[in-house]
Amino acid sequence: MPREPDVDIFSDPVFDFGQKVRSRKNVKNDGTFAGAEIGEVLVRKGEEGYVRDIGTFLQQFHVYAVEFIGTGRIVGMRAAELESLEGKP
C-alpha cells in the first residue's frame, strides 16, 4: 500500500458524505471510543458502512466518521483504512 502524505488536508477529502465504504483492516479501540475496552475490535476488515461526517485530526488529516451497518457503530477512520463501494477512490 502506498504511503499517505504527511498532511492530507491540503487536498479535497477522498470520500463524500453518504458514500458507501468498506474497512480495509481491523480497527481496535485506542481508548478514544467510549463504551468499549482498549484493544477491543471496533470494526472488522470487510465491514461496510456509510460516511456520516468528515472532520480533521491534528489539523493534518481528514477523518471520516463512518456508520457501520452491522454494528451501528460510528467510528473515525482515515482514507487509507477505507475503500469505496461506489466506484470512486
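Going along each chain's sequence as written, the residues are numbered from 1 onward. Since the coordinates come from a predicted model, pLDDT governs what is reported: local features require at least 70, and pairs of side-chain atoms require 80 or more to be given and counted, while whole-chain, interface and lining totals use all residues. Water and hydrogen atoms play no part in the side-chain values, which are based on all heavy atoms of the structure.

Side note on the pattern of salt bridges
Pairs may arise between side chains of opposite charge once their charged atoms sit close together. Stated formally: Any carboxyl oxygen of Asp or Glu that lies within 4 Å of a side-chain nitrogen of Lys or Arg is treated as forming a salt bridge with it. Runs of H or I in DSSP of at least four residues are treated as helices and runs of E of at least two as strands, each being numbered from the N terminus. Buried means the residue's accessible area, taken with a 1.4 Å probe over protein chains only, is under 20% of the maximum for its type, while exposed means over 50%, and partly exposed covers the values in between.
Taken as a whole, this structure holds 6 salt bridges when the rule is applied. The closest approach of N and O atoms between Glu40 and Arg73, which form a salt bridge, is 3.1 Å. Here Arg73 lies in the loop between strand E5 (61–68) and strand E6 (74–77) and Glu40 lies in the loop between strand E2 (27–28) and strand E3 (41–43), a separation of 33 residues in the sequence. Given the relative accessible area of 30%, Glu40 is considered partly exposed. Since its relative accessible area comes to 21%, Arg73 is described here as partly exposed. In this structure, the salt-bridge partner of Glu67 is Arg52, at a minimum N-O distance of 3.1 Å. Of the two residues, Glu67 sits in strand E5 while Arg52 sits in strand E4 (residues 48–57), which places them 15 residues apart along the sequence. For Arg52, a relative accessible area of 44% corresponds to the partly exposed category.

Some remarks on the sheet that holds E5
The criterion, for reference: For two strands to count as paired, DSSP must find a minimum of two bridges between them. The convention used is that axes are lines fitted to C-alpha atoms, helices contributing only their stretch in contact, and that angles between N-to-C directions extend from 0 to 180 degrees.
On the basis of which strands lie adjacent, the open sheet formed by 5 strands has the order E6-E5-E4-E1-E7 and antiparallel pairing. In this open sheet, the two edge strands, each paired with only one partner strand, are E6 and strand E7 (82–84). For this sheet, the mean angle separating the axes of adjacent strands, direction not counted, is 45°. Sheet topology note: the E4/E5 ladder contains 8 bridges and is antiparallel. Directly across from Ile54, in E5, lies its bridge partner Tyr64.

Concerning the confidence of the model for the chain
The line we're drawing: The score called pLDDT rates the predictor's confidence residue by residue, from a low of 0 to a high of 100.
Residue-level pLDDT values for the chain average 87, and 87% of them are 70 or greater. When mean pLDDT is taken per element in the chain, strand E1 (residues 20–23) scores highest with 97 and E4 scores lowest with 92.

Observations concerning the packing of aromatic side chains
Operational definition: Between 30 and 60 degrees the pair is tilted, below 30 it is stacked and above 60 it is edge-to-face, where a pair is any two Phe, Tyr or Trp rings, Trp via its six-membered ring, whose centres lie within 6.5 Å. Note on criteria: charge over ring means Lys NZ or Arg CZ within 6 Å of the ring centre, with the direction from the centre no more than 35 degrees off the ring normal.
Counted according to the given criterion, the structure contains 1 aromatic pair. Relative to Tyr64, the ring of Phe15 lies with its centre 5.2 Å away and its plane at 85°, an arrangement referred to as edge-to-face. With Phe15 in the segment before E1 and Tyr64 in strand E5, this pair connects stretches of sequence that are 49 residues apart. For the residue pair Phe15 and Tyr64, the accessibility class agrees, reading buried in each case. When the ring centre of Phe61 is taken as origin, the NZ or CZ atom of Arg78, which lies over that ring, is 3.8 Å away.

Digging into the pairing of E6
The side chains of a regular strand alternate, first on one face of the sheet and then on the other. Here E6 shows one buried face, formed by Val75 and Met77, and one open face, formed by Ile74 and Gly76. Judged from the 4 bridges that link them, E5 and E6 form a sheet pairing that is antiparallel. Paired with Tyr64 across the two strands is Met77, which belongs to E6. Turn length for the E5-E6 hairpin, with the two strands adjacent in sequence and antiparallel, is 5 residues, and the turn residue Gly72 shows positive phi of about 75°.

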